[in-house]
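Each chain is listed here by its residues.
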Amino acid sequence: MFNELISELKNRNVSIIKVVDVSMLTAKENRGYNIAILIGITLSPSYILRLSAENITDHSEFGDKEHRADELAEWVAGSISARGYHAFAQSERNLINDYFNVSTKTTPLPHKKIALMSGLGWIGKNNLLVTQEYGCALCLCTILTDAPFPTENAPVMSPMCGDCSVCKDICPPHVIHGTTWEPGMNRDLIVDVYHCEGCLKCLVHCPWTQNYMRAYNFI
Ligand code: SF4
Ligand code: SF4
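Participant: How should I be thinking about the pairing of strand E2 (residues 35-42) in this particular structure?
Facilitator: Side-chain direction in a regular strand flips from residue to residue, so the side chains alternate between the two faces of the sheet. When you tally the buried positions in E2, you get 8 out of 8 residues, the bulk of the element. Of the two faces of E2, the one lined by Ile35, Ile37, Ile39 and Ile41 and the one lined by Ala36, Leu38, Gly40 and Thr42 are each fully buried. In this sheet, E2 lies alongside strand E1 (residues 16-21) in antiparallel orientation, the contact comprising 6 bridges. Directly across from lysine 18, in E2, lies its bridge partner leucine 38. The pairing of E2 with strand E6 (residues 138-145) spans 8 bridges and is classified as antiparallel. Within E6, the position partnered with isoleucine 39 by the bridge is cysteine 141.

Participant: Is there a simple way to think about the site of ligand 2 in this case?
Facilitator: Near ligand 2, the surroundings consist of Gly124, Lys125, Asn126, Cys161, Cys164, Val166, Cys167, Cys206, Pro207 and Trp208. Here the residues of the shell around ligand 2 are counted per class, giving 7 nonpolar, 2 polar and 1 charged.

Participant: Where do I start with a nonpolar patch on the surface in this structure?
Facilitator: On the surface, a cluster of nonpolar side chains totalling about 290 Å² of accessible area is made up of Ile96, Phe100 and Val102. Structurally, the position occupied by valine 102 is in the loop between helix H5 (92-97) and helix H6 (111-118). Note on valine 102: relative accessible area 64%, which makes it exposed.

Participant: Where do I start with the packing of helix H1 (residues 2-11) against helix H4 (residues 60-82) in this structure?
Facilitator: How two helices pack is summed up by the angle between their axes together with the distance between the axes. Where H1 contacts H4, the two axes come as close as 12 Å, and the packing angle between them is 155°. It follows from the interaxial angle that H1 and H4 lie roughly antiparallel. Considering only the axes of H1 and H4, their crossing is right-handed. Mapping the contact onto sequence places Leu5, Glu8 and Leu9 in H1 and Leu72, Trp75, Val76, Ser79 and Ile80 in H4. Looking at the contact of H1 with H4 residue by residue, the class counts come to 6 nonpolar, 1 polar and 1 charged.

How each quantity is defined
- Residues numbered from 1 in each chain as written.
- Chains lettered and ligands numbered in written order.
- Predicted model: local features only at pLDDT ≥ 70, side-chain atom pairs only at ≥ 80, totals over all residues.
- Heavy atoms only, no water.
- Buried < 20%, exposed > 50% of the residue type's maximum accessible area, 1.4 Å probe, protein only.
- Helix = DSSP H or I, 4+ residues; strand = E, 2+ residues; numbered from the N terminus.
- Pairing = 2+ DSSP bridges.
- Near = heavy atom within 4 Å.
- Nonpolar A, V, L, I, M, F, W, Y, C, P; charged D, E, K, R; others polar.
- Patch = residues over 30% accessible without salt bridge, like charges linked within 9 Å, V, L, I, M, F, W, Y side chains within 5 Å.
- Areas by Shrake-Rupley, 256 points an atom, 1.4 Å probe, with all protein chains shown as cover.
- Salt bridge = Lys/Arg side-chain N within 4 Å of Asp/Glu carboxyl O.
- Axes fitted to C-alpha atoms, helices over the stretch in contact; angles between N-to-C directions.
- Parallel < 35°, antiparallel > 145°, perpendicular 65-115°, else oblique.
- Left-handed = near helix turned anticlockwise from the far one by under 90°.
- Contact = heavy atoms within 4.5 Å.

Put into C-alpha cells, the structure is as follows:
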C-alpha cells in the first residue's frame, strides 16, 4: 500500500512526501496516531518571479495549491481508511471543524512541526518552513494514521537564516520581529500573527525562495 500511495502522489505532482513517527508526542498533538505523513506541493518559479518583479500581492496560485494539498491529504486519508486502517487528514476543513484554536490561531500539531521532525527544513525568522531546495515556496498538509508505514525521523535543523533580515525589513506592517527560532520558542516572539496581512512578501523575497526561483533559470 505504501509504495502505491507514494507513486500515486508523485503522479499527482506532489514534490515532498515524508513519513515520521509521532508516537512520542502528547495525545492532544497526535490524536492517538503513531504516524504522520507530510505532503508538499511547490509554488512555481514563474509565480514567485511574477510576485517578486511586480511587487504585488496575488494569492491565486498559493490559494489553489493550499487547497490542492488539503484535497490530496483527504484523498490519502480516504485511501488508507479504505484499506482498513485509521487516518485523519489535517486539512483546513477538518481542523476548523475540529481543533483549530481561533483565538490563538494555532493547532496542536502544525504541519511545520511534522516537517521539522522529518528534517525537511527549519523555521525561519518569517515563521515559515524554509528548505534548502525550495525556500518557503511550499504548500503543506499532513495526515495522521495508524497504518504501518516506514518512518524516517531526522534531527531538527537549526535555522540557516544567519544575519539575514530580508523578511523583517520587507514586511509592510512590521510584524516580523527578527528573532531566530529555537525549539520550544513561543511563536509570538517571532511574528505578530494577529496583524499579519498575508501578503506573502516574506515568503517570496526570502533568499532561499529566490535561490529556488533562480535554480530553475527564470531570472
Ligand atoms: S505575510 Fe506579509 S504581513 Fe504577514 S508576516 Fe509576511 S510579510 Fe508580513
Ligand atoms: S528572509 Fe532571511 S531571515 Fe527571513 S526566513 Fe528567509 S533567510 Fe530567514
